[in-house]
Amino acid sequence: MSDIPSDLLKEILRRVTGEPLLRFRTVCKEWRRIIDDPSFVRIHAHTQISSNTLLIRNSTTNTLLYSLNLDTLNHNESKQTIEVTAVKPFSRSGATDVPNLPAPSCHGLILNSHYYEIDKAWVVWNPLTREFHELPLFKTKPNAESSLACLGIGYDCSSDDFKVVRIDRMRTTDSTTTVHQTSIYSLKMNCWRMVKDCPYDFPGHRRPGVFLNGALHWVLENKIVVLVLGTEDYRELPMPTKPGESVLPSLKALGGFLFMSYYDCNGNPMEVGQLVEGWVMNDYGVEKSWTKLFSFTEDFLLDVDVLTPIAYIKSKGLVILQNFDDFLLFDIQSNSAKMVTVSGLPSNFYCQIMPQSLFRLGRSFAVDVKSKAAMKRERKRKRMGKPTIKPQARVEHSVIIEKVRLFFDLNALAWSDDDYDDDDVDIDDDEDDYY
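Residues numbered from 1 in each chain as written. Predicted model: local features only at pLDDT ≥ 70, side-chain atom pairs only at ≥ 80, totals over all residues. Heavy atoms only, no water.

## Topic: unusual backbone geometry
Look at the link from L101 to P102: it is a cis peptide, with omega at -5°. Mapped onto the secondary structure, P102 falls in the loop between strand 6 (95-97) and strand 7 (105-106). Even without glycine at this site, N190 takes up a positive phi of about 60°. Relative to the helices and strands, N190 resides in the loop between strand 13 (179-186) and strand 14 (191-194). For N190, a relative accessible area of 41% corresponds to the partly exposed category. Phi is positive for F324, close to 60°, though the residue is something other than glycine. Following the sequence through the fold, F324 ends up in the loop between strand 25 (318-323) and strand 26 (326-331). F324 sits in the partly exposed class, given a relative accessible area of 44%. (Helix = DSSP H or I, 4+ residues; strand = E, 2+ residues; numbered from the N terminus. Buried < 20%, exposed > 50% of the residue type's maximum accessible area, 1.4 Å probe, protein only.)

Here it is, written out as C-alpha coordinates:
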(Lines give C-alpha, C1' and ligand atoms only; values in the text may rest on other atoms or scores of the structure.)
Protein backbone atom coordinates (compact mmCIF):
# COMPACT_ATOMS: atom_id res chain seq x y z
CA MET A 1 0.00 0.00 0.00
CA SER A 2 2.89 2.37 0.74
CA ASP A 3 3.94 2.22 -2.94
CA ILE A 4 0.82 4.16 -3.95
CA PRO A 5 1.39 7.95 -3.93
CA SER A 6 -0.88 9.71 -1.44
CA ASP A 7 -2.48 11.99 -4.07
CA LEU A 8 -3.27 9.03 -6.32
CA LEU A 9 -4.72 7.09 -3.39
CA LYS A 10 -7.02 10.00 -2.52
CA GLU A 11 -8.14 10.25 -6.15
CA ILE A 12 -9.03 6.55 -6.18
CA LEU A 13 -10.79 6.54 -2.82
CA ARG A 14 -12.96 9.59 -3.54
CA ARG A 15 -14.63 7.66 -6.37
CA VAL A 16 -15.65 4.81 -4.05
CA THR A 17 -19.11 4.83 -2.48
CA GLY A 18 -19.49 5.38 1.25
CA GLU A 19 -20.16 1.84 2.49
CA PRO A 20 -16.89 0.32 1.20
CA LEU A 21 -14.97 3.35 2.49
CA LEU A 22 -16.15 2.64 6.03
CA ARG A 23 -14.69 -0.86 5.72
CA PHE A 24 -11.49 0.51 4.13
CA ARG A 25 -10.82 2.51 7.31
CA THR A 26 -9.61 -0.76 8.86
CA VAL A 27 -7.02 -1.47 6.14
CA CYS A 28 -4.30 0.65 7.74
CA LYS A 29 -3.75 3.88 9.67
CA GLU A 30 -2.91 5.82 6.50
CA TRP A 31 -6.20 4.90 4.83
CA ARG A 32 -8.14 5.71 7.97
CA ARG A 33 -6.41 9.09 8.25
CA ILE A 34 -7.33 9.94 4.65
CA ILE A 35 -10.95 8.77 4.86
CA ASP A 36 -11.56 10.54 8.18
CA ASP A 37 -10.06 13.82 7.00
CA PRO A 38 -12.82 16.50 6.78
CA SER A 39 -11.46 17.84 3.48
CA PHE A 40 -11.66 14.36 1.96
CA VAL A 41 -15.22 13.96 3.27
CA ARG A 42 -16.25 17.18 1.49
CA ILE A 43 -14.54 16.17 -1.77
CA HIS A 44 -16.14 12.72 -1.60
CA ALA A 45 -19.59 14.26 -1.08
CA HIS A 46 -19.15 16.42 -4.19
CA THR A 47 -18.06 13.37 -6.20
CA GLN A 48 -21.17 11.46 -5.12
CA ILE A 49 -23.63 14.09 -6.44
CA SER A 50 -24.27 11.91 -9.49
CA SER A 51 -24.67 8.78 -7.35
CA ASN A 52 -27.33 6.28 -8.39
CA THR A 53 -27.88 4.69 -4.99
CA LEU A 54 -31.59 4.43 -4.24
CA LEU A 55 -33.13 4.53 -0.76
CA ILE A 56 -36.40 2.58 -0.65
CA ARG A 57 -39.14 2.57 1.97
CA ASN A 58 -41.70 -0.19 2.28
CA SER A 59 -45.06 1.58 2.16
CA THR A 60 -46.90 -1.41 3.63
CA THR A 61 -45.18 -1.68 7.00
CA ASN A 62 -43.62 1.82 7.04
CA THR A 63 -40.77 0.48 9.17
CA LEU A 64 -38.41 -1.05 6.61
CA LEU A 65 -35.74 0.64 4.50
CA TYR A 66 -33.63 -0.76 1.68
CA SER A 67 -30.75 0.40 -0.50
CA LEU A 68 -30.34 -0.43 -4.20
CA ASN A 69 -27.57 0.58 -6.60
CA LEU A 70 -29.26 1.38 -9.91
CA ASP A 71 -25.95 0.84 -11.74
CA THR A 72 -26.46 -2.90 -11.18
CA LEU A 73 -29.58 -2.91 -13.37
CA ASN A 74 -29.12 -4.94 -16.56
CA HIS A 75 -30.64 -2.89 -19.35
CA ASN A 76 -30.97 -5.95 -21.57
CA GLU A 77 -33.10 -8.04 -19.20
CA SER A 78 -36.74 -7.26 -18.49
CA LYS A 79 -36.81 -9.46 -15.37
CA GLN A 80 -33.86 -9.74 -13.02
CA THR A 81 -32.91 -10.41 -9.43
CA ILE A 82 -30.72 -7.79 -7.74
CA GLU A 83 -29.42 -7.73 -4.21
CA VAL A 84 -31.29 -5.23 -2.08
CA THR A 85 -29.50 -4.17 1.08
CA ALA A 86 -31.47 -3.62 4.27
CA VAL A 87 -30.94 -0.23 5.93
CA LYS A 88 -31.50 0.01 9.68
CA PRO A 89 -33.60 3.01 10.70
CA PHE A 90 -32.60 4.98 13.76
CA SER A 91 -34.33 4.72 17.13
CA ARG A 92 -35.19 7.30 19.74
CA SER A 93 -36.40 6.30 23.20
CA GLY A 94 -36.71 2.72 21.98
CA ALA A 95 -39.06 3.62 19.10
CA THR A 96 -38.10 3.15 15.43
CA ASP A 97 -38.09 6.37 13.43
CA VAL A 98 -38.49 5.98 9.65
CA PRO A 99 -38.65 9.10 7.45
CA ASN A 100 -41.29 9.54 4.80
CA LEU A 101 -39.88 9.38 1.28
CA PRO A 102 -39.11 11.44 -0.63
CA ALA A 103 -37.67 13.57 2.17
CA PRO A 104 -35.53 16.73 2.17
CA SER A 105 -31.91 15.65 1.82
CA CYS A 106 -28.40 16.91 1.13
CA HIS A 107 -25.10 15.07 0.66
CA GLY A 108 -26.52 11.84 2.07
CA LEU A 109 -28.16 13.44 5.14
CA ILE A 110 -31.95 13.27 5.53
CA LEU A 111 -34.16 15.76 7.33
CA ASN A 112 -36.90 13.83 9.11
CA SER A 113 -39.41 16.57 9.83
CA HIS A 114 -42.49 14.56 10.92
CA TYR A 115 -44.81 16.42 8.55
CA TYR A 116 -47.99 15.98 10.54
CA GLU A 117 -46.62 15.63 14.08
CA ILE A 118 -45.63 19.17 14.97
CA ASP A 119 -44.85 18.30 18.59
CA LYS A 120 -41.95 16.05 17.51
CA ALA A 121 -38.43 17.42 17.16
CA TRP A 122 -36.88 17.41 13.71
CA VAL A 123 -33.97 15.05 13.14
CA VAL A 124 -31.02 15.07 10.74
CA TRP A 125 -30.01 11.47 9.99
CA ASN A 126 -27.21 9.76 8.10
CA PRO A 127 -28.54 6.37 6.86
CA LEU A 128 -25.00 5.07 6.23
CA THR A 129 -23.44 5.72 9.64
CA ARG A 130 -26.82 5.64 11.44
CA GLU A 131 -25.83 8.74 13.40
CA PHE A 132 -28.49 11.36 13.93
CA HIS A 133 -28.84 14.79 15.44
CA GLU A 134 -32.04 16.05 17.04
CA LEU A 135 -32.81 19.71 16.48
CA PRO A 136 -34.15 21.86 19.32
CA LEU A 137 -37.87 22.51 19.08
CA PHE A 138 -38.75 25.52 16.97
CA LYS A 139 -40.66 28.22 18.83
CA THR A 140 -43.05 30.46 16.95
CA LYS A 141 -43.79 34.06 17.82
CA PRO A 142 -46.29 34.55 20.65
CA ASN A 143 -49.78 35.70 19.71
CA ALA A 144 -49.30 34.57 16.12
CA GLU A 145 -50.99 32.01 13.91
CA SER A 146 -48.48 29.98 11.92
CA SER A 147 -48.31 27.04 9.55
CA LEU A 148 -45.31 25.43 7.90
CA ALA A 149 -45.10 26.25 4.17
CA CYS A 150 -41.65 24.99 3.09
CA LEU A 151 -38.65 23.22 4.52
CA GLY A 152 -35.30 21.86 3.41
CA ILE A 153 -31.70 21.03 4.27
CA GLY A 154 -28.58 22.16 2.44
CA TYR A 155 -24.85 22.63 2.74
CA ASP A 156 -23.18 26.04 2.83
CA CYS A 157 -19.60 25.57 1.61
CA SER A 158 -18.63 29.14 2.54
CA SER A 159 -19.14 28.40 6.24
CA ASP A 160 -18.69 24.61 6.02
CA ASP A 161 -22.06 24.15 7.69
CA PHE A 162 -25.27 22.23 7.12
CA LYS A 163 -28.35 24.43 7.37
CA VAL A 164 -31.97 23.46 7.94
CA VAL A 165 -34.52 25.92 6.54
CA ARG A 166 -38.18 26.38 7.35
CA ILE A 167 -40.59 28.95 5.92
CA ASP A 168 -43.70 29.60 8.03
CA ARG A 169 -46.84 31.52 7.13
CA MET A 170 -47.20 33.95 10.01
CA ARG A 171 -50.05 36.23 10.95
CA THR A 172 -50.43 37.98 14.27
CA THR A 173 -53.84 38.05 15.93
CA ASP A 174 -54.12 41.82 15.48
CA SER A 175 -53.14 41.82 11.79
CA THR A 176 -54.63 40.60 8.52
CA THR A 177 -51.25 40.58 6.76
CA THR A 178 -49.52 37.24 6.19
CA VAL A 179 -45.73 37.07 6.02
CA HIS A 180 -43.53 34.12 5.16
CA GLN A 181 -40.99 34.02 7.94
CA THR A 182 -37.71 32.30 7.09
CA SER A 183 -35.80 30.58 9.88
CA ILE A 184 -32.46 28.82 9.54
CA TYR A 185 -30.92 26.26 11.88
CA SER A 186 -27.13 25.87 11.85
CA LEU A 187 -25.76 22.46 12.78
CA LYS A 188 -22.43 24.10 13.57
CA MET A 189 -23.92 26.73 15.91
CA ASN A 190 -26.76 24.46 17.12
CA CYS A 191 -29.40 27.18 17.12
CA TRP A 192 -32.32 28.63 15.16
CA ARG A 193 -32.32 32.21 13.91
CA MET A 194 -34.65 34.29 11.79
CA VAL A 195 -33.46 35.87 8.54
CA LYS A 196 -35.25 38.09 6.03
CA ASP A 197 -38.84 37.09 5.17
CA CYS A 198 -39.51 35.17 2.00
CA PRO A 199 -41.07 37.48 -0.64
CA TYR A 200 -43.02 34.65 -2.27
CA ASP A 201 -46.33 33.02 -1.38
CA PHE A 202 -46.40 29.22 -1.14
CA PRO A 203 -49.99 28.00 -1.36
CA GLY A 204 -51.04 24.47 -0.58
CA HIS A 205 -49.16 21.71 1.20
CA ARG A 206 -45.69 21.70 2.73
CA ARG A 207 -42.95 21.56 0.13
CA PRO A 208 -39.51 19.97 0.61
CA GLY A 209 -36.70 22.02 -0.88
CA VAL A 210 -34.39 20.62 -3.58
CA PHE A 211 -30.70 21.18 -2.80
CA LEU A 212 -28.23 21.86 -5.61
CA ASN A 213 -25.27 24.21 -6.16
CA GLY A 214 -25.32 25.59 -2.61
CA ALA A 215 -28.99 26.60 -2.74
CA LEU A 216 -32.47 25.30 -1.95
CA HIS A 217 -35.12 25.35 -4.70
CA TRP A 218 -38.91 25.31 -4.56
CA VAL A 219 -41.14 25.32 -7.62
CA LEU A 220 -44.22 27.51 -7.93
CA GLU A 221 -46.68 27.58 -10.80
CA ASN A 222 -44.53 29.75 -13.08
CA LYS A 223 -41.13 30.16 -11.37
CA ILE A 224 -38.48 28.43 -9.31
CA VAL A 225 -37.75 30.13 -5.97
CA VAL A 226 -34.12 29.88 -4.86
CA LEU A 227 -32.63 30.48 -1.42
CA VAL A 228 -28.83 30.84 -1.65
CA LEU A 229 -27.49 29.45 1.63
CA GLY A 230 -24.22 31.38 1.54
CA THR A 231 -25.84 34.84 1.34
CA GLU A 232 -29.29 33.76 2.63
CA ASP A 233 -30.89 35.79 -0.16
CA TYR A 234 -33.83 34.83 -2.39
CA ARG A 235 -33.82 34.90 -6.17
CA GLU A 236 -35.62 33.24 -9.09
CA LEU A 237 -34.78 30.74 -11.80
CA PRO A 238 -36.72 30.40 -15.07
CA MET A 239 -38.83 27.34 -15.84
CA PRO A 240 -39.04 25.40 -19.11
CA THR A 241 -42.03 25.89 -21.37
CA LYS A 242 -45.19 24.35 -19.95
CA PRO A 243 -46.95 21.89 -22.27
CA GLY A 244 -50.39 23.20 -21.27
CA GLU A 245 -52.37 25.15 -18.70
CA SER A 246 -53.65 22.07 -16.85
CA VAL A 247 -50.20 20.67 -16.02
CA LEU A 248 -48.42 21.00 -12.70
CA PRO A 249 -44.62 21.09 -12.26
CA SER A 250 -42.49 18.94 -9.99
CA LEU A 251 -38.80 19.68 -9.31
CA LYS A 252 -35.97 17.31 -8.37
CA ALA A 253 -32.18 17.21 -8.42
CA LEU A 254 -31.10 14.15 -10.43
CA GLY A 255 -27.58 13.34 -11.55
CA GLY A 256 -26.32 16.76 -10.44
CA PHE A 257 -28.91 18.67 -12.53
CA LEU A 258 -32.25 20.33 -11.92
CA PHE A 259 -34.92 18.04 -13.36
CA MET A 260 -38.44 19.33 -14.07
CA SER A 261 -41.40 17.02 -14.57
CA TYR A 262 -44.82 18.09 -15.79
CA TYR A 263 -47.92 16.17 -14.73
CA ASP A 264 -51.36 16.46 -16.30
CA CYS A 265 -53.55 16.86 -13.20
CA ASN A 266 -56.41 18.77 -14.82
CA GLY A 267 -55.32 21.74 -12.73
CA ASN A 268 -56.07 19.93 -9.46
CA PRO A 269 -52.94 19.76 -7.24
CA MET A 270 -54.57 17.08 -5.07
CA GLU A 271 -55.05 14.74 -8.02
CA VAL A 272 -52.35 12.24 -8.98
CA GLY A 273 -51.77 13.05 -12.62
CA GLN A 274 -49.91 11.41 -15.46
CA LEU A 275 -46.33 12.34 -16.26
CA VAL A 276 -46.25 13.95 -19.71
CA GLU A 277 -42.85 15.68 -20.03
CA GLY A 278 -39.38 15.72 -18.47
CA TRP A 279 -36.80 18.51 -18.76
CA VAL A 280 -33.23 18.98 -17.50
CA MET A 281 -31.29 22.23 -16.96
CA ASN A 282 -27.88 21.42 -18.48
CA ASP A 283 -26.26 24.74 -17.52
CA TYR A 284 -27.38 25.84 -14.06
CA GLY A 285 -29.17 29.19 -14.08
CA VAL A 286 -29.29 29.52 -17.88
CA GLU A 287 -32.85 29.54 -19.22
CA LYS A 288 -31.89 28.43 -22.72
CA SER A 289 -30.16 25.33 -21.34
CA TRP A 290 -33.49 23.68 -20.43
CA THR A 291 -33.65 20.56 -22.63
CA LYS A 292 -36.65 18.29 -23.11
CA LEU A 293 -35.68 14.65 -22.50
CA PHE A 294 -39.02 12.96 -23.14
CA SER A 295 -42.63 13.61 -24.00
CA PHE A 296 -45.09 10.76 -23.46
CA THR A 297 -48.14 10.29 -25.67
CA GLU A 298 -51.60 9.33 -24.42
CA ASP A 299 -51.30 5.87 -26.05
CA PHE A 300 -48.06 5.21 -24.19
CA LEU A 301 -49.51 6.34 -20.86
CA LEU A 302 -52.40 3.88 -21.18
CA ASP A 303 -49.95 1.01 -20.64
CA VAL A 304 -48.31 2.36 -17.47
CA ASP A 305 -49.25 3.47 -13.98
CA VAL A 306 -48.17 6.80 -12.48
CA LEU A 307 -44.56 7.38 -13.58
CA THR A 308 -42.04 9.14 -11.32
CA PRO A 309 -38.50 10.03 -12.46
CA ILE A 310 -36.01 8.74 -9.89
CA ALA A 311 -32.63 8.93 -11.69
CA TYR A 312 -30.94 10.68 -14.60
CA ILE A 313 -27.73 9.09 -15.90
CA LYS A 314 -26.39 11.59 -18.42
CA SER A 315 -23.35 9.51 -19.39
CA LYS A 316 -25.64 6.70 -20.55
CA GLY A 317 -28.39 8.92 -21.93
CA LEU A 318 -30.86 7.24 -19.59
CA VAL A 319 -33.77 8.31 -17.40
CA ILE A 320 -35.02 5.77 -14.85
CA LEU A 321 -38.62 6.09 -13.72
CA GLN A 322 -40.61 4.24 -11.09
CA ASN A 323 -43.76 2.57 -12.36
CA PHE A 324 -45.52 1.35 -9.22
CA ASP A 325 -43.49 -1.81 -8.36
CA ASP A 326 -41.30 -1.75 -11.50
CA PHE A 327 -38.74 0.46 -13.19
CA LEU A 328 -39.05 2.05 -16.61
CA LEU A 329 -35.76 2.65 -18.41
CA PHE A 330 -36.07 5.41 -21.00
CA ASP A 331 -33.33 5.74 -23.62
CA ILE A 332 -33.13 9.40 -24.65
CA GLN A 333 -31.22 8.82 -27.90
CA SER A 334 -33.54 6.17 -29.32
CA ASN A 335 -36.67 7.62 -27.68
CA SER A 336 -37.61 4.14 -26.48
CA ALA A 337 -38.61 2.69 -23.11
CA LYS A 338 -38.24 -0.69 -21.47
CA MET A 339 -39.97 -2.02 -18.38
CA VAL A 340 -37.74 -3.81 -15.86
CA THR A 341 -39.03 -5.95 -13.00
CA VAL A 342 -36.61 -6.44 -10.10
CA SER A 343 -37.12 -9.35 -7.74
CA GLY A 344 -36.59 -8.68 -4.06
CA LEU A 345 -38.11 -5.21 -3.95
CA PRO A 346 -41.01 -4.53 -1.56
CA SER A 347 -44.39 -3.98 -3.13
CA ASN A 348 -45.77 -0.45 -3.47
CA PHE A 349 -42.62 1.32 -2.31
CA TYR A 350 -41.46 4.92 -2.07
CA CYS A 351 -37.91 5.85 -3.02
CA GLN A 352 -35.40 8.58 -3.72
CA ILE A 353 -31.77 8.90 -4.77
CA MET A 354 -29.58 9.01 -1.67
CA PRO A 355 -25.76 9.25 -1.99
CA GLN A 356 -23.81 7.51 0.74
CA SER A 357 -22.27 10.18 2.92
CA LEU A 358 -19.28 10.17 5.26
CA PHE A 359 -20.39 13.34 7.06
CA ARG A 360 -20.42 12.60 10.76
CA LEU A 361 -23.01 13.77 13.26
CA GLY A 362 -21.45 12.16 16.31
CA ARG A 363 -18.58 14.47 17.20
CA SER A 364 -20.24 17.83 17.66
CA PHE A 365 -23.72 16.43 18.15
CA ALA A 366 -23.30 13.46 20.48
CA VAL A 367 -26.25 11.10 20.89
CA ASP A 368 -26.60 9.36 24.24
CA VAL A 369 -27.69 5.92 23.02
CA LYS A 370 -26.57 2.75 24.72
CA SER A 371 -26.13 0.23 21.90
CA LYS A 372 -26.34 -3.55 22.12
CA ALA A 373 -22.61 -3.68 21.54
CA ALA A 374 -21.99 -1.38 24.51
CA MET A 375 -24.16 -3.52 26.78
CA LYS A 376 -22.36 -6.65 25.61
CA ARG A 377 -18.98 -5.07 26.42
CA GLU A 378 -20.26 -4.18 29.89
CA ARG A 379 -21.29 -7.77 30.54
CA LYS A 380 -17.86 -8.89 29.33
CA ARG A 381 -16.18 -6.50 31.76
CA LYS A 382 -18.19 -7.93 34.64
CA ARG A 383 -17.23 -11.51 33.70
CA MET A 384 -13.54 -10.53 33.62
CA GLY A 385 -13.78 -8.66 36.91
CA LYS A 386 -13.14 -5.25 35.34
CA PRO A 387 -14.86 -2.26 36.94
CA THR A 388 -17.86 -0.81 35.11
CA ILE A 389 -17.64 2.88 34.27
CA LYS A 390 -20.08 4.57 36.61
CA PRO A 391 -22.23 7.55 35.58
CA GLN A 392 -20.08 10.06 37.48
CA ALA A 393 -16.97 8.67 35.78
CA ARG A 394 -18.53 9.02 32.33
CA VAL A 395 -18.09 12.78 32.50
CA GLU A 396 -14.38 12.40 33.32
CA HIS A 397 -13.91 9.85 30.51
CA SER A 398 -16.04 11.68 27.92
CA VAL A 399 -13.04 12.76 25.82
CA ILE A 400 -11.63 9.23 25.75
CA ILE A 401 -15.00 7.73 24.87
CA GLU A 402 -15.45 10.23 22.04
CA LYS A 403 -12.04 9.41 20.56
CA VAL A 404 -12.82 5.69 20.65
CA ARG A 405 -16.07 6.37 18.78
CA LEU A 406 -14.16 8.29 16.14
CA PHE A 407 -11.89 5.30 15.55
CA PHE A 408 -14.57 2.64 15.59
CA ASP A 409 -18.13 3.38 14.53
CA LEU A 410 -19.75 0.11 15.58
CA ASN A 411 -23.21 1.07 14.38
CA ALA A 412 -21.97 1.96 10.91
CA LEU A 413 -19.66 -1.02 10.39
CA ALA A 414 -21.74 -3.62 12.25
CA TRP A 415 -18.59 -5.14 13.74
CA SER A 416 -18.85 -7.79 16.44
CA ASP A 417 -17.41 -7.17 19.89
CA ASP A 418 -14.84 -9.89 19.29
CA ASP A 419 -13.13 -7.74 16.64
CA TYR A 420 -11.61 -5.43 19.22
CA ASP A 421 -11.37 -4.70 22.90
CA ASP A 422 -11.74 -1.27 24.50
CA ASP A 423 -8.45 -1.66 26.37
CA ASP A 424 -6.47 -2.32 23.17
CA VAL A 425 -7.35 0.94 21.44
CA ASP A 426 -4.45 3.36 20.98
CA ILE A 427 -5.80 6.87 21.53
CA ASP A 428 -4.03 9.69 19.72
CA ASP A 429 -3.51 12.91 21.66
CA ASP A 430 -4.33 15.12 18.66
CA GLU A 431 -8.13 15.27 18.62
CA ASP A 432 -8.20 17.45 15.50
CA ASP A 433 -6.74 14.61 13.40
CA TYR A 434 -10.07 12.81 13.50
CA TYR A 435 -13.52 13.71 12.29
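## Quick look at helix 4 (residues 38-47)
Looking only at helix 4, the buried set comprises F40, V41, H44 and A45. Relative to the axis of helix 4, the buried residues are bounded by an arc of 135° and lie together on one face. On its buried side, helix 4 packs onto helix 1 (6-13), helix 2 (18-24) and helix 3 (29-36). (Arc of directions from axis to C-beta. Contact = heavy atoms within 4.5 Å.)

## Let's talk about a negative patch on the surface
On the surface, D264, E298, D299 and D303 cluster together to form a negatively charged patch. As for its position among the elements, D303 is in the loop between helix 5 (298-301) and strand 24 (307-313). Residue class for D303 comes out exposed when judged on its relative accessible area of 66%. (Patch = residues over 30% accessible without salt bridge, like charges linked within 9 Å, V, L, I, M, F, W, Y side chains within 5 Å. Areas by Shrake-Rupley, 256 points an atom, 1.4 Å probe, with all protein chains shown as cover. Salt bridge = Lys/Arg side-chain N within 4 Å of Asp/Glu carboxyl O. Lys, Arg positive; Asp, Glu negative; His and termini not counted. Charge placed at Lys NZ, Arg CZ, Asp CG, Glu CD.)

## Here we look at the environment of E30
Residue position: E30 is located in helix 3. For E30, the side chain forms a polar contact with the side chain of R33, separated by 2.9 Å. (Polar contact = N/O pair within 3.5 Å; in protein donor to acceptor, adjacent residues only side chain to side chain.)

## Notes on the pairing of strand 24
Within strand 24, 6 of the 7 residues are buried, which leaves the element mostly enclosed by the surrounding structure. Bridging between strand 24 and strand 25 involves 6 bridges; their strand directions are antiparallel. Its bridge partner lying in strand 25, I313 is registered against L318. Counting the residues in the hairpin turn of strand 24 and strand 25 gives 4 residues, including G317, whose phi is positive at 60°. (Pairing = 2+ DSSP bridges.)

## Quick look at the sheet that holds strand 17 (residues 215-219)
One open sheet accounts for 4 strands, arranged 16-17-18-19; its pairing is antiparallel. Bordering the open sheet on either side are strand 16 (210-212) and strand 19 (233-237), each of which pairs with just one other strand. In this sheet, adjacent strand axes meet at a mean angle of 30° when their direction is disregarded. The pairing of strand 18 (residues 224-228) with strand 19 spans 5 bridges and is classified as antiparallel. When the bridges of strand 19 are listed, V226 appears paired with R235. (Axes fitted to C-alpha atoms, helices over the stretch in contact; angles between N-to-C directions.)

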